Amino acid sequence: MLMIGKRARTGAGGGGPARGRPRAALGATTTALLTVTALAALPQTTAHAADTLGAAAAEKGRYFGAAVAANHLGEAQYAATLDREFNSVTPENEMKWDAVEPSRGSFIFSRADQIVDHAQSQGMDVRGHTLVWHSQLPSWVSGLGATELRSAMNNHITQVMTHYKGEIHSWDVVNEAFQDGNSGARRNSPFQDKLGNGFIEEAFRTARAADPAAKLCYNDYNTDGVNAKSTAVYNMVKDFKSRGVPIDCVGFQGHFNSNSPVPSDFQANLQRFADLGVDVQITELDIEGSGQAQATDYGNVVRACLAVTRCTGITVWGIPDKYSWRSSGTPLLFDNNYNKKPAYDAVLSALGGTPGGGPGGPGTPGAACTATYTTAEQWGDGYNGKVTITAGSSPITGWSVNVTMTAPQKVVSVWNGSPTWDSGGTVMTVRSSWNGTLAAGASTSFGFTVNGGTTPPPQVGACTAS
């Protein structure tokens, strides 16, 4: 995969970084490198080629990315899952207008820098999100008159893109500028209301001048199938291409649920945009649901992208369900304990990868198991815990369960299972040893001894089976 603007990491006496923004302080850099080193040393972070989402997508000439929040990067499982599985990142909120320019002309890049630096340390690409959007605007923007708003918009685009020049693969230059429904009209916003339809073209021309190498995208939701809204966007892109307005890609967010399912003409819609001469990207994918139905939908989305030559990549909007903006719908590929869900395996299989490797359990579609916890014996400052594994309606040949402790509790021994720990020592992943093969409905168990207190009880995650 082409990596744009990756910097050389130089030691003492070497040349400075090839970009405009200042380096982080030495102490922070050292801490970050130690964190990366520690994560890399964990046995569960080792994966074979095409055993992870990013590796499998790269073999297809695509990226597979995740939306990332800077405040979660310090969580060991979050960072380890990100680093293992994905080869692209999109900042969730850290590059939006209210985050980087809360007051006019005063730019704050520290949180966004944290994500970009982490991505580059792992060799990942970065998508920039987003430069011009009606939402998450600081109040000072909407209070400007037309002349000042135009100046502020162009300055914002120029300053942010110049700060990251050469480091961002694709930018969502304008986000969600069209109304929902059947009108095909532009959405009311400070930009639309005061600058008119031309603000989108002006934003793209300003963006091209700021970083000629970056891909410039228009991004929107409810445009995944052929409908009035997507056709309005299509007509805009067609017009831009005919007049030489710089636009390179169109992002389809892909927020699906039972009321807004994956449309039957999803692939055909991607293809009609690609036929205009732009790349298409699935930029914010999450699909509410569970089990095989959710897995089928995820697999279909991936296969649709692979069937369109100019569909260059997919980004899921988050990593574990618990941090999703729609967490009650459990829409992501990893559960709250970072176990791989059936949807993960469906995506990996659709990408041509091999399910069954890496942390989070083997996870084969159709295989299922449950995990239940009981305290077997208890004494002054410790106890023995027991987890019972029960196969579902089909036989299984392996299982995996995460067990999360609360400090200062510590597991001192484990039997009937093979454990590994995260770098903080609080999350234990136990995989089957001799007792992985179970007939449908059959059970086995593993146990562990804990010292350091008897409450609260450990949190046992979902069972993942093969």
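For the structure, check the block above.
Quick caveat: nothing in here was measured; it's all calculated off a predicted structure.

Draft legend 1. Structural detail: the packing of aromatic side chains. Considering all chains together, one arrives at 16 aromatic pairs under this definition. Ring centres of F446 and F448 lie 6.3 Å apart, and the angle between their planes is 35°; this geometry places the pair in the tilted category. Relative accessible area serves as the criterion here: at 1%, F446 is assigned to the buried category. You can call F448 buried: its relative accessible area is 0%.

Draft legend 2. View of the pattern of salt bridges. Taken as a whole and judged by the stated rule, the model has 16 salt bridges. Close ionic contact of R104 with E148 constitutes a salt bridge, the shortest N to O distance being 2.8 Å. With R104 in the loop between helix 4 (97–100) and helix 5 (110–121) and E148 in helix 7 (residues 146–163), the pair connects residues that are 44 residues apart, well separated along the chain. You can call R104 partly exposed: its relative accessible area is 39%. A salt bridge links R205 to E201; the shortest N-O distance between them is 3.1 Å. Within this pair, R205 and its partner E201 are both found in helix 9 (residues 198–210), separated by four residues, close to a single helical turn. Using a relative accessible area of 39% as the deciding quantity, one classes R205 as partly exposed. Connected via shared salt-bridge partners are E201, R205, D239 and R243.

Analysis parameters
Residues numbered from 1 in each chain as written. Predicted model: local features only at pLDDT ≥ 70, side-chain atom pairs only at ≥ 80, totals over all residues. Heavy atoms only, no water. Phe/Tyr/Trp six-rings, centres within 6.5 Å; stacked < 30°, edge-to-face > 60°. Buried < 20%, exposed > 50% of the residue type's maximum accessible area, 1.4 Å probe, protein only. Salt bridge = Lys/Arg side-chain N within 4 Å of Asp/Glu carboxyl O. Helix = DSSP H or I, 4+ residues; strand = E, 2+ residues; numbered from the N terminus.

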